[in-house]
Amino acid sequence: MSPSQTASRPHDLQYISSPDQMTAKFEDLLAQVDSGPWTWMIFALCSIWGLFGAMQAVSAVFLSPVTAHWCHVTELQNTNWTSEQIKNVSIPWITETSSFSSCSQYERNYSDLAVLSYEEASNVPISNLTQACTAWDYDTSVFRSTVISEWDLVCDRNYLRSFVQSSFMVGVFVGCPTNGILADRFGRKRLLTVSLFMFLAMAGLAAVITWFPVFLLCRFFMAFSGHCVYQTSYIIAVETCSIRHRGTIGILFSVPFALGYILLPGFAYYIRDWRYLHLAISLPVALLIANTIVLPESPRWLIQNGQRKKAAKELQRAARWNRQKPLDSIWLTATIAEIHSTSVQVSPAPDDEDEARDEADSTSLSFWSALRMLFCGLFMMRVTVVLSLLWFTCTLVYYGIAMNSGNLSADPFVYTALGGAVELPCYFFGAAVVKRMGRRLTLILSLVITSLAILGPMAVPSADKTSWWFLSIVMVGKMMVTAGFQVLYLYTSELYPTCIRTQGLGVTSMLGRCGAIIAPFITDNLGSVHWSIPSLIFGLMSAGAAVVTFLLPETKSHALPDTVQEMEAWHSGVRKGDGGRSYEDTLLAKISSTNDPASVEDRYTEDSGGGLNTV
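Report on the accompanying structure.

About the criteria used
Residues numbered from 1 in each chain as written. Predicted model: local features only at pLDDT ≥ 70, side-chain atom pairs only at ≥ 80, totals over all residues. Heavy atoms only, no water. Core = buried A, V, L, I, M, F, W, Y, C linked by side-chain atoms within 4.5 Å. Buried < 20%, exposed > 50% of the residue type's maximum accessible area, 1.4 Å probe, protein only. Helix = DSSP H or I, 4+ residues; strand = E, 2+ residues; numbered from the N terminus. Salt bridge = Lys/Arg side-chain N within 4 Å of Asp/Glu carboxyl O. Disulfide = S-S within 2.5 Å. Expected span 1.5 Å × (residues − 1). Bend = angle between axes of the 7 residues up to and from the residue. Patch = residues over 30% accessible without salt bridge, like charges linked within 9 Å, V, L, I, M, F, W, Y side chains within 5 Å. Areas by Shrake-Rupley, 256 points an atom, 1.4 Å probe, with all protein chains shown as cover. Phe/Tyr/Trp six-rings, centres within 6.5 Å; stacked < 30°, edge-to-face > 60°. Contact = heavy atoms within 4.5 Å. Axes fitted to C-alpha atoms, helices over the stretch in contact; angles between N-to-C directions. Parallel < 35°, antiparallel > 145°, perpendicular 65-115°, else oblique. Nonpolar A, V, L, I, M, F, W, Y, C, P; charged D, E, K, R; others polar.

1. Details of the nonpolar core
Stage number 1. Counting 125 residues, the largest nonpolar core has Val-147, Phe-212, Phe-215 and Leu-390 as the members making the most contacts within it.
Stage number 2. Here the element with the most residues in this core is helix 22 (residues 378-402); it accounts for 14 residues.
Stage number 3. One finds Val-73, Leu-76, Trp-81 and Tyr-106 within the second-largest nonpolar core, a separate group that totals 10 residues.

2. Considerations on unusual backbone geometry
Among all residues save glycine, negative phi is the norm, and among peptide bonds the norm is trans.
Stage number 1. Its identity is not glycine, yet Asp-152 carries a phi of approximately 50°, on the positive side.
Stage number 2. Along the chain, the position of Asp-152 falls in the loop between helix 9 (147-151) and helix 10 (163-186).

3. Quick notes on the pattern of salt bridges
Side chains bearing opposite charge may pair, as long as their charged atoms lie close to each other.
Stage number 1. The tally for this structure, following the rule as stated, stands at four salt bridges.
Stage number 2. For the salt bridge of Glu-150 with Arg-275, the shortest nitrogen-to-oxygen distance reads 2.8 Å. One end of the pair, Glu-150, is in helix 9; the other, Arg-275, is in helix 15 (residues 274-282), with 125 residues separating them in the sequence.
Stage number 3. Between Asp-524 and Arg-161 there is a salt bridge, with its nearest N and O atoms 2.8 Å apart. Of this pair, Asp-524 sits in helix 28 (residues 501-526) while Arg-161 is found in the loop between helix 9 and helix 10, placing the two residues 363 residues apart along the sequence.

4. With respect to the state of the cysteines
Stage number 1. Counted according to the given criterion, the structure contains two disulfides.
Stage number 2. Across the disulfide, Cys-103 is cross-linked to Cys-155 (sulfur-sulfur distance 2.0 Å). With the S-S bond torsion at -100°, the cross-link from Cys-103 to Cys-155 turns out left-handed. Within this pair, whereas Cys-103 is found in the loop between strand 4 (99-100) and strand 5 (104-106), its partner Cys-155 is found in the loop between helix 9 and helix 10, the two being separated by 52 residues in sequence.
Stage number 3. According to the relative accessible area criterion, Cys-155 is partly exposed, its value standing at 21%.
Stage number 4. Counting only the cysteines that take part in disulfides, in the order they occur along the chain, gives the pairing 1-3, 2-4.

5. Structural notes on helix 25 (residues 424-437)
Quick reminder: α-helices carry 3.6 residues per turn. Residues three or four places apart thus point the same way.
Stage number 1. The first and last C-alpha atoms of helix 25 sit 20 Å apart over 14 residues, in line with the 20 Å expected at 1.5 Å per residue.
Stage number 2. Gly-430 marks the point of greatest bend in helix 25, at about 50°.
Stage number 3. Listing the buried residues of helix 25 in full gives Leu-424, Cys-426, Tyr-427 and Val-434.
Stage number 4. Gly-438 sits one or two positions beyond helix 25 and adopts a positive phi of about 95°.

6. Considering a nonpolar patch on the surface
Stage number 1. The grouping of Val-433, Met-437, Leu-441, Leu-445, Ile-449 and Val-476 at the surface amounts to a nonpolar patch, some 420 Å² of accessible area in total.
Stage number 2. Where the nonpolar patch is concerned, the elements lending two or more residues are helix 25 and helix 26 (439-455).
Stage number 3. Relative to the elements of secondary structure, Leu-441 occurs in helix 26.
Stage number 4. By relative accessible area, which is 41% here, Leu-441 ends up partly exposed.

7. A look at helix 10
Stage number 1. Taking 1.5 Å per residue as the helical rise, helix 10 with its 24 residues ought to reach 34 Å, and the 32 Å between its terminal C-alpha atoms agrees with that figure.
Stage number 2. Taken residue by residue, helix 10 has Val-164, Gln-165, Ser-166, Ser-167, Phe-168, Met-169, Gly-171, Val-172, Gly-175, Cys-176, Asn-179 and Ala-183 as its buried positions.
Stage number 3. Phi for Gly-187, located one or two positions after helix 10, is positive at around 100°.

8. Focus on the packing of aromatic side chains
Stage number 1. A complete count under the given rule lists 24 aromatic pairs for this structure.
Stage number 2. Relative to Phe-485, the ring of Tyr-398 has its centre 6.0 Å away and its plane inclined at 85°; by these criteria the two rings are edge-to-face. Remark: Phe-485 occurs in helix 27 (residues 468-495) and Tyr-398 occurs in helix 22; sequence separation between them is 87 residues.
Stage number 3. The exposure class of Tyr-398 is buried, given its relative accessible area of 0%.

9. Looking at the environment of Leu-396
Stage number 1. Mapped onto the elements, Leu-396 comes out in helix 22.
Stage number 2. Every residue in contact with Leu-396, bar those within four places of it in the chain, is listed here: Gly-515, Ile-518, Ala-519, Ile-522, Phe-538 and Met-541.

10. Some details on the packing of helix 3 (residues 37-47) against helix 18 (residues 308-321)
Stage number 1. Two numbers describe how helix 3 lies on helix 18: the axes approach to 7 Å, and their chain directions differ by 105°. On the basis of the axis angle, helix 3 is roughly perpendicular to helix 18. Touching Pro-37, Trp-38 and Met-41 of helix 3 are Glu-314, Arg-317, Ala-318 and Trp-321, all from helix 18.
Stage number 2. For the contact of helix 3 with helix 18, the residue count by class is five nonpolar, no polar and two charged.

Shown next as structure tokens:
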């Protein structure tokens, strides 16, 4: 039943109608405003967060790096012995690793040894009895101070090191669904403002706190608020630009993330104390306070929430900045009123509840109804399970490689800088490759090459991890999993029908973020046993994901399905709906059935700011 049919009947309850009409009319308004300085000013201000967000996302590489350590023997610290001499007398030598023990020391009377010269102490017989360390000394040749040395996250406390990164990713995980609810309820700009100040407060507290659990809590809230800033900024950017520039903005929005990834090692190279480094990459975020003043509220959100005068004012300002003639105020007011009345209609009378429920289900399913539909029928269940596995694998491998510098490279600065640099080609050339090769084949090849690049160095047992060929192969894996990530956003949005597209993307991508939470435990704990164990896991997971991708259909040149029935018919070989139009023809015409009237292209990138970025 159409909104026009229900409009002629008695009403007493409010409901949100299909957003197609509102979106189409609002796009007409943006077309009148056109694109220009206003559009690109908003894009520049919104996208700059990616620069800082990327540094936070991978900062644990330099905040809590693998650091050589050994027992601290208090009695020998006041002697004139060198560090090596102290270790020779007090620390067992491990032949298997060709290094001193990290967690044990000899049981000796060090007070008596301290009054002797080193030569005399060396001649005193050493017992084979050892005891666990109670304090540690750390190698400060690379980093003067780290989170590891601050709280002694070594030996029996080594497992706590992984929480530095995983607590951050849990914050992103929680921020994903929460951000959308808060942005729709309170407005994009208001949420951006509150989240920005929350981030600054938590970042400042994390730099001075002396209790490790509170530091982790600060990391959680930094990620939560940072993700809200990033995602809300992206929503503002796409909601204030016309359709013809939306794809470009969606792609370019990820570029500052890669640039921040590249810049982080530069900060870390010159700032070797973790607290000062943390402040150096966090305090510049204060510059974005200007965004809370300069950026407009999304006119689309203002109209949807009945703030017509503010919406008209923002659109007039946009036209003025873009060097367009002022919009006719009477026409503008009437158009905004029409858009608002289209977005909010009145539901049928109580005696037609069943019919009203059927209509609501066809336009804007509740979250739980949509969640159940993700697993209805064998084909839909297969799509959801396979996509969840793909999201989990891509996220696990991406952050696994990003955080694995301690196991795969002797130089974390070069490793991390190259890890950011190899992402740039994926953003600029990924769309052209996908359009030519298709989604499924591109994703399969990306995962296969990722697997080969990760597993390849393991075929050479004596491989030198400091060599350029070794690092180059690892970076190929990093580039290809990034490319796979880009395809996965698009592929997921095409496979799910319009009625559950947003929920499908949200559920599968959230499950994927579990991979980012788990990745540090694999690289830190299993990597400490042998450097190749994380590589084996990531390589086999990538290969397995490539195989199960064959269970999904190709979506290239197929119209986007609107309903589950269309999706099932497509799978059965009976194509209904848009007459076989290609995805490129229908992407901007299909509107996701949500209260926030954004196009499908907006929605599939909105979850993480147009790419795999997390904060």
